[in-house]
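# Structural characterization, general
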Amino acid sequence: MAVVEWENLVCGYKGREPLNLPFSGRLETPGVFAIQGPNGSGKSTLLRTWLGLQQPRGGRVSLYGRAPGRVHSISEGLGYVPQFHKVNHYFHLTVRDFVRQGFGPVAQGDPVAEQAREARVSHLLGVWQLEADADRSFHVLSGGQKTRAMVARATASHPRILFLDEPLASLDTCCQQLLMDSLHALAHGGGVCVVMVDHHFEPYAGHLSGKLSFHRGHNREVCSVTFEELTPTCCPA
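To start, this report covers the structure provided alongside it. (Residues numbered from 1 in each chain as written. Predicted model: local features only at pLDDT ≥ 70, side-chain atom pairs only at ≥ 80, totals over all residues. Heavy atoms only, no water.)

Let us now look at the overall build of the chain. The helix and strand tally for the chain stands at 5 helices and 9 strands. The linear arrangement of helices and strands in the chain, starting from the amino end, is β-β-β-α-β-β-α-α-α-β-α-β-β-β. Taken across its 237 residues, the chain has 48% of its residues classed as buried. Considering only residue pairs separated by 6 or more positions, the chain has 69% of its internal contacts joining residues 24 or more positions apart. Entry remark: accessible area of the chain is about 11800 Å², with carbon and sulfur atoms responsible for 51%. (Helix = DSSP H or I, 4+ residues; strand = E, 2+ residues; numbered from the N terminus. Buried < 20%, exposed > 50% of the residue type's maximum accessible area, 1.4 Å probe, protein only. Contact = heavy atoms within 4.5 Å. Areas by Shrake-Rupley, 256 points an atom, 1.4 Å probe, with all protein chains shown as cover.)

Below, the structure written as structure tokens:
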């Protein structure tokens, strides 16, 4: 069964011109898949449509063989790192608590489950270099630190599919490399299907298993979309 499948998909907003011509495809193996193209072409809208946060203008989408709206994110292994860090500034939340949210509700009174969760949170804080900030408010973090915290939260419950919207934009070169290496390990060591929108793939082309590219023709706003499978240079053919 395909992890993500789409048929004659058209993305866009009601009352506006569609963002792309109909296209079809499927992702059925673990890997790191890039969505790339010019600004305003519809990359983030495609990601939101796959997630079920945006209704398609035409065609259909399925995750694990079901419509996106019928897939429950945490319980069914779906992780999401949005482009913007929208957390209510009036709600104090430590970085540690923010990462804990990635587990969803945890059964009360189960010390084994609680201990496993706390060990996982501490591990992720270490991986993403957030240990020193664990008890600080999420709101005082820099943009790059917030992105790292959001990745930690999204991967806390070991998702089977992980969507990321421009995660590299706010990271320095060192943290970009850490992120791409970690995503590669999740995909090829943990069997995760990673899908990410970004403009900074050139240094990390060898990490990619495939790419969806938006192409805007001359004097044309509606894009065509192509899908190309790749063999990552860091993996055996």
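This structure, assessed with the given rule, holds 10 salt bridges. Residue Glu28 pairs with Arg26 through a salt bridge whose shortest N-O separation is 3.2 Å. Residue classification places Glu28 among the partly exposed residues on the basis of a relative accessible area of 48%. For the salt bridge of Asp135 with Arg96, the shortest nitrogen-to-oxygen distance reads 3.8 Å. With Asp135 in the loop between α3 (111-127) and α4 (143-155) and Arg96 in helix α2 (residues 95-100), the pair connects residues that are 39 residues apart, well separated along the chain. (Salt bridge = Lys/Arg side-chain N within 4 Å of Asp/Glu carboxyl O.)

Before going further, it helps to spend a moment on the packing of aromatic side chains. What characterises a pair of aromatic rings is the spacing of the ring centres plus the angle enclosed by the ring planes. Counted under the stated rule, the structure contains 6 aromatic pairs. Relative to Trp50, the ring of Trp6 has its centre 4.7 Å away and its plane inclined at 40°; by these criteria the two rings are tilted. Of the two residues, Trp6 sits in strand β1 (residues 4-10) while Trp50 sits in helix α1 (residues 43-51), which places them 44 residues apart along the sequence. Each member of the pair Trp6 and Trp50 is classed as buried. Between Trp50 and Phe163, the ring centres sit 6.5 Å apart and the planes meet at 50°, which makes this aromatic pair tilted. Linking Trp50 in helix α1 with Phe163 in strand β6 (residues 161-165), this pair joins segments that are 113 residues apart in sequence. You'll find Trp50 and Phe163 in the same group, each marked buried. Taken together through their ring pairs, the aromatic side chains of Trp6, Phe23, Phe33, Trp50, Phe163 and Phe227 make up a single cluster. Directly above the ring of Tyr64 sits Arg160, whose terminal nitrogen or CZ lies 4.1 Å from the centroid. (Phe/Tyr/Trp six-rings, centres within 6.5 Å; stacked < 30°, edge-to-face > 60°. Lys NZ or Arg CZ within 6 Å of the ring centre and 35° of its normal.)

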